[in-house]
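Each chain is listed here by its residues.
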Amino acid sequence: MICQQLKLEKPSLDMEFKTTLTPPINGHTSPNSFTCSFTNFNSALTAGLLNPMSPPPPRSSPTLFEMMASEPDIQPSPHILPNPSVPLVPKPQISAEDKQALTMQRLSDILAGRSPGNQFNDASSSDMELALTSKDGITVSMNVHRPILVAHSRFFAVKLSDRWIKQQQVSGPYIIEIADCDDVEVYIETLRLMYCKDLRKELMKEDVTRVLGILKVSAAIGFDAGVLSCLEYLEAAPWAEDEEEKVVSLLTELRLDGAGAAEVLKRVSLEVNNGIEEEGSENGDVLLNLLHVVLGGKDEKARRDIKGLVSKMLRENPSLSDLRKESLYSACGMCLQLLHHHFLQAAASDFTEVGQISRQADNLHWMLDILLDRQIAEEFLRKWASQFELAKAHSSIPAIHRFEVSRVTARLFVGIGKGQILVPKDTRSLLLQTWLVPFYGDFPWMRKASKGLDRHLIEESLGSMILTLPLAQQQEIFLSWFERFLNSGEDCPNIQRGFEVWWKRAFWRRKGEEGRPQPRPLRITVATIDKR
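Cut-offs and rules
Residues numbered from 1 in each chain as written. Predicted model: local features only at pLDDT ≥ 70, side-chain atom pairs only at ≥ 80, totals over all residues. Heavy atoms only, no water. Helix = DSSP H or I, 4+ residues; strand = E, 2+ residues; numbered from the N terminus. Buried < 20%, exposed > 50% of the residue type's maximum accessible area, 1.4 Å probe, protein only. Areas by Shrake-Rupley, 256 points an atom, 1.4 Å probe, with all protein chains shown as cover. Contact = heavy atoms within 4.5 Å. Pairing = 2+ DSSP bridges. Expected span 1.5 Å × (residues − 1). Bend = angle between axes of the 7 residues up to and from the residue. Patch = residues over 30% accessible without salt bridge, like charges linked within 9 Å, V, L, I, M, F, W, Y side chains within 5 Å. Salt bridge = Lys/Arg side-chain N within 4 Å of Asp/Glu carboxyl O. Core = buried A, V, L, I, M, F, W, Y, C linked by side-chain atoms within 4.5 Å. Axes fitted to C-alpha atoms, helices over the stretch in contact; angles between N-to-C directions. Parallel < 35°, antiparallel > 145°, perpendicular 65-115°, else oblique. Left-handed = near helix turned anticlockwise from the far one by under 90°. Nonpolar A, V, L, I, M, F, W, Y, C, P; charged D, E, K, R; others polar. Phe/Tyr/Trp six-rings, centres within 6.5 Å; stacked < 30°, edge-to-face > 60°. Lys NZ or Arg CZ within 6 Å of the ring centre and 35° of its normal. Arc of directions from axis to C-beta.

Draft legend 1. Geometry of the overall build of the protein. The secondary structure content of the protein amounts to 23 helices and five strands. Counting only residues that meet the buried cut, the protein has 49% of its 532 residues in that class. Of the roughly 27,800 Å² that the protein leaves accessible, carbon and sulfur atoms contribute 53%.

Draft legend 2. Focus on the side chain of R359. Looking at the element boundaries, R359 is found in helix α16 (residues 355–373). For R359, the residues in contact, after removing those within four places along its chain, are L295, G296, G297, K298, E300 and R303.

Draft legend 3. Up close: the pairing of strand β3 (residues 138–144). Of all seven residues making up β3, seven are buried, and the element is well covered by its neighbours. Burial of β3 is two-sided: the residues I138, V140, M142 and V144 facing one way and the residues T139, S141 and N143 facing the other way are all buried. Note that strand β2 (residues 128–134) and β3 share six bridges and pair antiparallel. Paired with L130 across the two strands is M142, which belongs to β3.

Draft legend 4. Up close: helix α19 (residues 399–417). For α19, which comprises 19 residues, the first-to-last C-alpha distance of 25 Å matches the rise-based estimate of 27 Å (1.5 Å per residue) to within 8%. Helix geometry: α19 is bent most strongly at V405, by close to 25°. Two residues or fewer past α19, G419 is found with a positive phi of approximately 75°.

Draft legend 5. Spotlight on a nonpolar patch on the surface. Taken together, the side chains of I306, L309 and M313 present a nonpolar region at the surface, about 230 Å² in accessible area. Position of I306 relative to the elements: it lies in helix α14 (residues 300–316).

Draft legend 6. Seen up close, unusual backbone geometry. In this model, R255 sits at a positive phi of 50°, which is unusual for a non-glycine residue. You can see R255 is positioned in the loop between α11 (241–254) and α12 (260–265). Take R255: its relative accessible area is 71%, and that puts it in the exposed class. Even without being a glycine, S349 presents a positive backbone phi close to 70°. The topology assignment puts S349 in the loop between α15 (325–347) and α16.

Draft legend 7. View of the pattern of salt bridges. Considering all chains together, one arrives at 31 salt bridges under this definition. Notably, a salt bridge pairs K205 with E202, separated by 3.6 Å at the nearest N-O pair. In this structure K205 comes out as exposed when scored by relative accessible area, which is 58%. Judged by relative accessible area, which is 17%, E202 ranks as buried.

Draft legend 8. Inspection of the environment of A348 at higher detail. For A348, the position within the fold is in the loop between α15 and α16. Residues A348 and A393 lie 45 residues apart in sequence; the distance between their C-alpha atoms is 9.0 Å.

Draft legend 9. Fine view of the nonpolar core. By size, the foremost hydrophobic cluster in this structure holds 71 residues, and its most contacted members are L339, M367, F380, W384, L431, L432 and F439. The contacts of W384, once residues within four sequence positions are left out, are L336, L339, L364, V405, V408, T409, L412, L431 and W435. The next biggest cluster of nonpolar side chains, apart from the first, holds 60 residues, and it includes L111, V144, W164 and V186.

Draft legend 10. Just the environment of F120, in detail. Its place among the elements puts F120 in the loop between α3 (96–112) and β2. Remark: the alpha-carbon pair of F120 and L191, spanning 71 residues in sequence, is separated by 8.6 Å.

Draft legend 11. Seen up close, the packing of α15 against helix α17 (residues 378–385). It is at 11 Å that the axes of α15 and α17 come closest, and there the two elements cross at 20°. The orientation of α15 relative to α17 falls into the category roughly parallel. Relative to α17, α15 is oriented so that their crossing is right-handed. Contacts between α15 and α17 involve K325, Y329, C332, L336 and L339 on the former and, on the latter, E378, E379, F380, K383 and W384. Here the residues of the contact of α15 with α17 are counted per class, giving six nonpolar, no polar and four charged.

Draft legend 12. Representation of the packing of aromatic side chains within the structure. Applying the stated criterion across every chain yields a total of 18 aromatic pairs. With 5.1 Å between their ring centres and 65° between their planes, F155 and F156 make a pair best called edge-to-face. For F155, a relative accessible area of 3% translates into the label buried. Between F439 and Y440, the ring centres sit 6.4 Å apart and the planes meet at 45°, which makes this aromatic pair tilted. Y440 matches F439 in its accessibility class, with the two residues each being buried. Clustering of aromatic rings is evident, with ring pairs tying together F478, W481, F482, F485, F499, W502, W503 and F507. Cation over ring: R267 sits above W239, and NZ or CZ is 3.8 Å from the ring centre.

Draft legend 13. Main features of α17. For α17, the complete set of buried residues consists of E378, F380, L381, W384 and A385. Seen end-on, α17 carries its buried residues on one side only, within an arc spanning 160°. Residues of α17 that are buried make contact with α8 (199–203), α15, α16, α18 (388–393), α19 and α20 (425–449).

Draft legend 14. View of the environment of G333. Mapping G333 onto the fold places it in helix α15. Considered as a pair, G333 and F380 are 47 residues apart in the sequence and their alpha carbons are 9.2 Å apart.

See the structure below:
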């Protein structure tokens, strides 16, 4: 075995290189592989980098009224004892072997899941092999490309530089071995993002906890595009309470440069300040014609049935992806123009065609669902948030004719609150400034007249959306709601849960973590293949 050791001065990114003639394991997962000795992967990656933070221990949470009435040192409420008359069903235990098998299957699925033209884990074009070993002995071997790693990661640019290649006593291809990973799956996901063109769209498939893991890996290896995309996701997506603690703790720990992290933290602190594609095919034209026929249909029952059918076809059949974004927005623009015309006509006391208001609002609601399914609803939200003339005329029209318009607003609230639409905070704030008061005014009619309306979903999503804004804006909106709710009761959406979260953010002091251990140096082992 030929060994070379290279140490760089950059803190937290030190690693050891070794070259050996050990044959590689190509593109599969196996436990206890690579019998040669690995140096410890002792950087921030092993100090919880790939599994950013374990959830805090369970604790009882006081209600809003207990917080307002009690002293600063709030005692936890007593635990509720289980009913002894109800038998407890034990949860099935999963053996260590089964857990390992499930993990290996997930890893295999990630390595095998690449779209056409993507070189991720492509053995035919790769020039290096990366082996990741977890602490429980699972080893994953994947094919990587040195130019891609070097272009996207400052860490790999230093460690796998041309100078380092010249210093090797044997020629490639090389095997890069990283040992003692906390979460191999997150590390692989981070590397996979280096091969993606639209990182933002890829991250929309993940949850907040997974994005935090990817953010920490990206920061450690200098994957700047990954860091920026993760921060954009965190700034726009709603957080659960336990996720909020993780976000704040991680961003405080990383101390990232730039305004991205500060924009994310504004939510919880007042002190943190190719060319156009060609015309669609004939299939796309047919689908566009179908949309226009449905939007202009006369029989309401038939329209409802066909809307459900077309939505199902678009959602379940990948072959129907020829419908271009521009075509969808053209149909939306037609509906919005008609709504604007009939809305202002009714506001001027001309009710001859007032029924068209609910009809066009229903069309917009349907088109919005299609845009949300395709993850392209951001432009619709911006246009709707800018309908100042409609919002101003809203109070001039009887609620029985206008409340369907607020169903569009409610659907946008749900889209933002559930993370289906990610837009900057200025756009989210504008939507609330324009349409929140009209929504309040229509809520009684929506609750009584809209069949299948999920009131609790709308209330939960509205609260989550408000909580994505900076703390000062949260305060203004929640205090205004507080007074309205006390005067209107059931005729006002109940967003008390969001109000409680804001109360905690505003009046509970966050206890900072002290004595956080410093990350250990990162070490990596590299081997080459002897083809003799």
